[in-house]
Amino acid sequence: EAAVTQSPRSKVAVTGGKVTLSCHQTNNHDYMYWYRQDTGHGLRLIHYSYVADSTEKGDIPDGYKASRPSQENFSLILELASLSQTAVYFCASSLGTGGSAETLYFGSGTRLTVL
Amino acid sequence: GQQVKQSSPSLTVQEGGISILNCDYENDMFDYFAWYKKYPDNSPTLLISVRSNVDKREDGRLTVFLNKSGKHFSLHITASQPEDTAVYLCAAGMNQGGSAKLIFGEGTKLTVSS
């Protein structure tokens, strides 16, 4: 029933390894986002997308790539994982602009630990 | 610098009291303001939002006050209950590329004690 599904729920990765976090939404939303949560920083926007096959940089894109192969799917890729990327990652979707269309619907989060 | 800031990392309120959560922002182009609620190990969910053309919005026990000249908005929760205990994230954004790309504050942990 969950409209935004993230996988995996948690992951342990090694420094320098490649990590892919996946997000799937069934909301029929055009906009999808990747945020990371760190203690003392709230949620910070990494990448977002408003149409398939196109992604945009957010506020902290360095060290991350994103891929939007379809309206439903949005991935976050860490090509060379680093210790500083240990965090909880949230995917979200929204319809777009105007009133309730701007509401973000979040997935359950992925807890990533880089060792 | 932090564009959206919640200066109080935590707040404790007695059951039945009024919880007041505050948020300051820097960019006077922001025109959309929201409060999200997050329980531990859960995802944030929207509580209430307001656009910049109003300075107050009520929804049940929740009221958002917007002070544009002061670049400040707040969430008031009346008759606070233990189930209100959670982290509250304020967020602000502006219409950019067809979406209100939200900037979140650091969060305030509200504890309602019975």
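Residues numbered from 1 in each chain as written. Chains lettered and ligands numbered in written order. Predicted model: local features only at pLDDT ≥ 70, side-chain atom pairs only at ≥ 80, totals over all residues. Heavy atoms only, no water.

Q: Just give me the short version of the overall build of chain A, but keep the residues and values in it.
A: On a plain count of helices and strands, chain A comes out with zero helices and eleven strands. In sequence order, the secondary structure elements of chain A are arranged as β-β-β-β-β-β-β-β-β-β-β. A compact globule built from 115 residues would reach a C-alpha radius of gyration of about 13 Å, and chain A, at 13 Å, matches this within 12%. Considered along the principal axes of its C-alpha atoms, chain A spans approximately 40 × 30 × 30 Å. Across the 115 residues of chain A, 48% fall into the buried class. (Helix = DSSP H or I, 4+ residues; strand = E, 2+ residues; numbered from the N terminus. Rg over C-alpha atoms; globule rule 2.2 N^0.38 Å. Buried < 20%, exposed > 50% of the residue type's maximum accessible area, 1.4 Å probe, protein only.)

Q: Before we move on, can you summarise unusual backbone geometry with the specific residues and values?
A: All names here are of chain A. Of note, the bond from Ser 7 into Pro 8 is cis; its omega dihedral lies within 30 degrees of zero at -5°. With respect to the helices, strands and loops of the structure, Pro 8 is situated in the loop between strand 1 (4–7) and strand 2 (10–13). A positive phi is found at Asn 28, a non-glycine position, where the angle reads about 60°. Tracing the backbone shows Asn 28 in the loop between strand 3 (19–25) and strand 4 (31–38). Owing to a relative accessible area of 55%, Asn 28 belongs among the exposed residues under this scheme.

Q: Could you give an account of the sheet that holds strand 7 (residues 62–67) of chain B, naming the residues involved and the relevant values?
A: Spatially, 1-3-8-7-6 (chain B) is the arrangement adopted by the five strands of the open sheet, whose pairing is antiparallel. A single partner strand is all that each edge strand has here, and the edge strands are strand 1 (4–5) and strand 6 (56–59) of chain B. (Pairing = 2+ DSSP bridges.)

Q: Could you give an account of the environment of Glu 72 of chain A, naming the residues involved and the relevant values?
A: Residue and element names in this part refer to chain A. Here Glu 72 lies in the loop between strand 7 (65–67) and strand 8 (73–78). Given the relative accessible area of 33%, Glu 72 is considered partly exposed. If we ignore the near neighbours within four places in the chain, the residues touching Glu 72 are Cys 23, His 24, Gln 25 and Met 32. (Contact = heavy atoms within 4.5 Å.)

Q: So what's going on with the interface of chain A and chain B? Which residues, and what values?
A: How big an interface is tends to be stated in terms of the accessible area lost upon association of its parts. Opposite the 24 residues of chain A that make contact, chain B presents 21 residues. For the pair chain A and chain B, the two sides together bury roughly 1800 Å², of which 53% comes from carbon and sulfur. Across the pair Asp 41 of chain B and Arg 111 of chain A runs a salt bridge whose closest N-O atoms are separated by 3.6 Å. Applying the counting rule to chain A against chain B returns four residue pairs in polar contact (both at pLDDT 80 or more). When residues of the side of chain A that touches chain B are traced back to their parent elements, those giving at least two are strand 4, strand 5 (42–51) and strand 9 (87–94) of chain A. When residues in the side of chain A that touches chain B are grouped by element, the largest group, five residues, is from strand 5 of chain A. Its residues assigned to classes, the side of chain A that touches chain B comprises ten nonpolar, eleven polar and three charged. (Buried area = accessible area lost by both parts, 1.4 Å probe. Salt bridge = Lys/Arg side-chain N within 4 Å of Asp/Glu carboxyl O. Polar contact = N/O pair within 3.5 Å; in protein donor to acceptor, adjacent residues only side chain to side chain. Nonpolar A, V, L, I, M, F, W, Y, C, P; charged D, E, K, R; others polar.)

Q: Help me get a handle on the sheet that holds strand 7 of chain A, residues and values and all.
A: Residue and element names in this part refer to chain A. Ordered by their spatial adjacency, four strands build an open sheet running 1-3-8-7, and the pairing between neighbours is antiparallel. What marks the edges here is a single partner per strand, and that holds for strand 1 and strand 7. On average, each strand axis in the sheet is inclined to that of its neighbour by 20°, with strand direction left out of account. Direction of pairing for strand 3 relative to strand 8: antiparallel, over a ladder of six bridges. By the bridge assignment, Leu 21 is partnered in strand 8 with Leu 76. (Axes fitted to C-alpha atoms, helices over the stretch in contact; angles between N-to-C directions.)

Q: Explain the packing of aromatic side chains to me, using residue names and the numbers behind them.
A: The geometry of an aromatic ring pair comes down to the distance between the two centres and the angle between the two planes. Summed over all chains, the structure comprises 15 aromatic pairs over all chains. An aromatic cluster is built from Tyr 33, Tyr 35, Tyr 48, Phe 90 and Phe 106 of chain A together with Tyr 36 and Phe 104 of chain B, whose rings are joined through pairwise contacts. (Phe/Tyr/Trp six-rings, centres within 6.5 Å; stacked < 30°, edge-to-face > 60°.)

Take it as geometry only, folks, not as evidence of what the structure does.
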